[in-house]
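Listed below are the residues making up each chain.
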Amino acid sequence: MNKDHDAILKRALEQFSDADSGDQENLEAALSDLEFATGIGQWDEADRIAREESGRPMLTINRMPQFIRQVTGDIRRTNPSVKITAGDNEATEEAAEIIEGLVRNIEQACDASSIYERAAESAAACGIGHWRIRSDYEDDDSFDQTIFIESIPNPFAVRWDFDAKDPTRKDARYCFIIDPMPLDKFKKEYPDADTDGWLDPTVTASTATWQSGDTVMVAEYFWIEKKPVTLYQLYDGTVTDKKPEMPDLMVARKRETTKNKVMWAKMTANEILDGPRELPGKFIPVVSVVGEETHVGDRTVRTSVIRYAKDAQRMYNYWRTTQTELVALQPKAPYMVTPGQIAGHEDTWRRANTANLPFLPYNPDQDAPGAPKRESPPMASQGMSQEVSLAAEDMKATTGIYDAGLGQQSNETSGVAIRQRQMEGDIATSIYVDNLSKSIAHCGRIIVDMIPEIFDTTRAVQIIGKDDEAQMVQLNVPYTDETGENLLGNNLSVGRYDVRISTGPNYSTQRQEAAESMTEFVRVFPQAAPLIGDLIAKNMDWPGAEQIADRLKAMLPPGVADGEEGQDPMVQQLQQQLQQLQEQLQGMAQQPEFRKAQAEAAEAEFDAQKAKYEADEKGLELAIKRGQIDEAIRNGIARGLAPQAPTSPMLGQQ
């Protein structure tokens, strides 16, 4: 073994020991939570043994999964997705769309949504979950590499830098993914590995966890090395770590700094099995999803959804078991007999509470007149039922998820009140959704950081658009611009791109909601159906919807289907008609005949209003003389005839 490998092994063993011992308390609690969620450990071991030996019931009514599923159901509903935006003046929106489509294609090819959900379920059940990102060849017959997202099913297989505090562990300096293997399997997979001395009883404590009996632990070891670099800022604003050809003429300023270099090796406690080698990107390609973390001084306490509901679950099991046991004993209340009454019938009386006997013979006894009597059965306790209810309520209180959030009917009757109570449960567990969103965002940064190094050749790649439609795009296509400079089209290594997370329904759900909303709109406004029928059909999910949409679009009036982008076609058509009418009126207004006719029409309207006013005025005077003023006013108001002198339309005009 060379000296470099010795140094790596020594550092790795020390770091693993720090990570394992530092997080041991959380790992033990996480294992307890995960077993508890599956029903293991919900009874104290001493109570379990005592009940089994005495033949008493021991019920486990596990209510923990429903609380975990409520949290993971909220996570599935939020549907976090990666969005890419240009981060500097060298980045372009077109390249950002290609990178986003490439990330979306990687996620779909790897079924990333299931991987994210599995890690989130683990975080809800035991406080932590993980997945990883790696690069490899597309297939066995290709020289092109691509990026893969892979699940890490075992939440206890990862050991993180204990000083890392970020929920995604993006600030970690090192990380281990461990894989305990049977010794015979290890020898078959690594036939050249050195296994001498593994079973030596004098093995040091630092390597005792790596090899025990017939098991050896293999670990993937990731670590960050700092690489010194010189940054140059050119006069045109470009920043690069490559020294320009003419630094005196091109460089405005420079500075010394460091960049992360990610290293990887596969190892046992004795040797390096593979590597070391440098990985693409600047982040350790492992992502953590945590539950709720609280920092108590130097300690980090990590909890799950059910951590504080475990005692309430144990009490629920105990009181429900006691309640069941009490009710089961009621038909088994003992008989009070004397030895003489059952003499010769002992076997029959022994089976009295276990067999459905048609009769029970007994012997008359002068000292105990009458037949044997059964004792009164034990009565159910009201306090016992109350304890069962209190235990159930304690589980809700400690998780923050109440009846409405669990889909059960509660005291709320209105839809608003039910939604408010459901929202309370969502708020109480929102940290799990937020932490998953942060982890997916970090995963997006890792992929975006790896893309320029993985997709660095001229090649065609598939991207997925926002509408879930796939298309092929050529990357790194050489061309010469108008100045004669040789460039690369769709070069994803130029510029910086930022990652953010968008939550909400996916494209398929948006289409369904759009179709429903459009259909409802047409019911209210049927006149719009001929103009938007193609859009409604396009958003339907049944076979042939696209063909129907194309046929309906062909039936649209000229100009409507090809309306200005961003403007409703119907609105555009109405605006065009209104503009034509205004132009016609303006043209008519310039003609003398039109102006004369307009004046005559206005004068005639004035004469009609004047005659009507005079008639109303005379009618009012007549009503006053006859004493019918109240009736005249009521009739005038009912008909809207408020007497008002007309104004000549020609007043003020010359």
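Heads up: the structure comes first, above all this text.
Owing to the predicted nature of the structure, the values given are computational and were not obtained by experimental measurement. (Residues numbered from 1 in each chain as written. Predicted model: local features only at pLDDT ≥ 70, side-chain atom pairs only at ≥ 80, totals over all residues. Heavy atoms only, no water.)

Caption draft 1: Local environment of the layout of surface pockets. Taken as a whole, the largest pocket encloses approximately 1,900 Å³ of empty space. Lining the largest pocket are 47 residues, and of these D241, K259, D449, S493 and G495 sit closest to its centre. If you list the elements that add at least two residues to the lining of the largest pocket, you get β7 (215-234), β8 (239-240), β9 (251-267), β10 (272-279), α14 (430-454) and β20 (497-502). Sort the elements by how many residues they give to the lining of the largest pocket and β9 lands first, with eight residues. Across the lining of the largest pocket, the residue classes break down as 17 nonpolar, 11 polar and 19 charged. (1 Å grid on protein atoms, 1.4 Å probe; cavity = no way out; pocket = protein on both sides within 12 Å on 5 of 7 lines; lining within 4 Å. Points joined across faces, edges and corners; volume = space filled by probe spheres on them. Helix = DSSP H or I, 4+ residues; strand = E, 2+ residues; numbered from the N terminus. Nonpolar A, V, L, I, M, F, W, Y, C, P; charged D, E, K, R; others polar.)

Caption draft 2: Examining the packing of aromatic side chains more closely. One pass over the structure, following the stated rule, counts eight aromatic pairs. For the ring pair F16 and F176, a centre distance of 5.3 Å and an interplane angle of 85 degrees mean the geometry is edge-to-face. Taken together, the residues F16 in helix α1 (residues 3-22) and F176 in strand β5 (residues 174-182) connect sequence positions 160 residues apart. Classification of F176 by relative accessible area gives buried; the value is 0%. Between Y318 and W319, the ring centres sit 5.1 Å apart and the planes meet at 75 degrees, which makes this aromatic pair edge-to-face. Judged by its relative accessible area of 35%, Y318 falls in the partly exposed class. Through pairs of rings, three or more aromatic residues link up here, namely F16, Y174, F176, W210, Y221 and W223. It is R134 that lies over the ring of F148; its NZ or CZ is 4.9 Å from the centre. Across from the ring centre of F162, 5.6 Å away, lies the NZ or CZ of K165, which sits over that ring. (Phe/Tyr/Trp six-rings, centres within 6.5 Å; stacked < 30°, edge-to-face > 60°. Buried < 20%, exposed > 50% of the residue type's maximum accessible area, 1.4 Å probe, protein only. Lys NZ or Arg CZ within 6 Å of the ring centre and 35° of its normal.)

Caption draft 3: Just the state of the cysteines, in detail. Under the defined criterion, the tally for this structure stands at zero disulfides. Take C443: it sits in no disulfide, and the sulfur closest to it among the cysteines is that of C110, at 9.3 Å. (Disulfide = S-S within 2.5 Å.)

Caption draft 4: Highlighting the environment of R76. In this fold, R76 is placed in helix α4 (residues 64-78). Assessed through its relative accessible area of 41%, R76 is described here as partly exposed. Those residues in contact with R76 that lie beyond four places of it in its chain are E117 and E121. (Contact = heavy atoms within 4.5 Å.)

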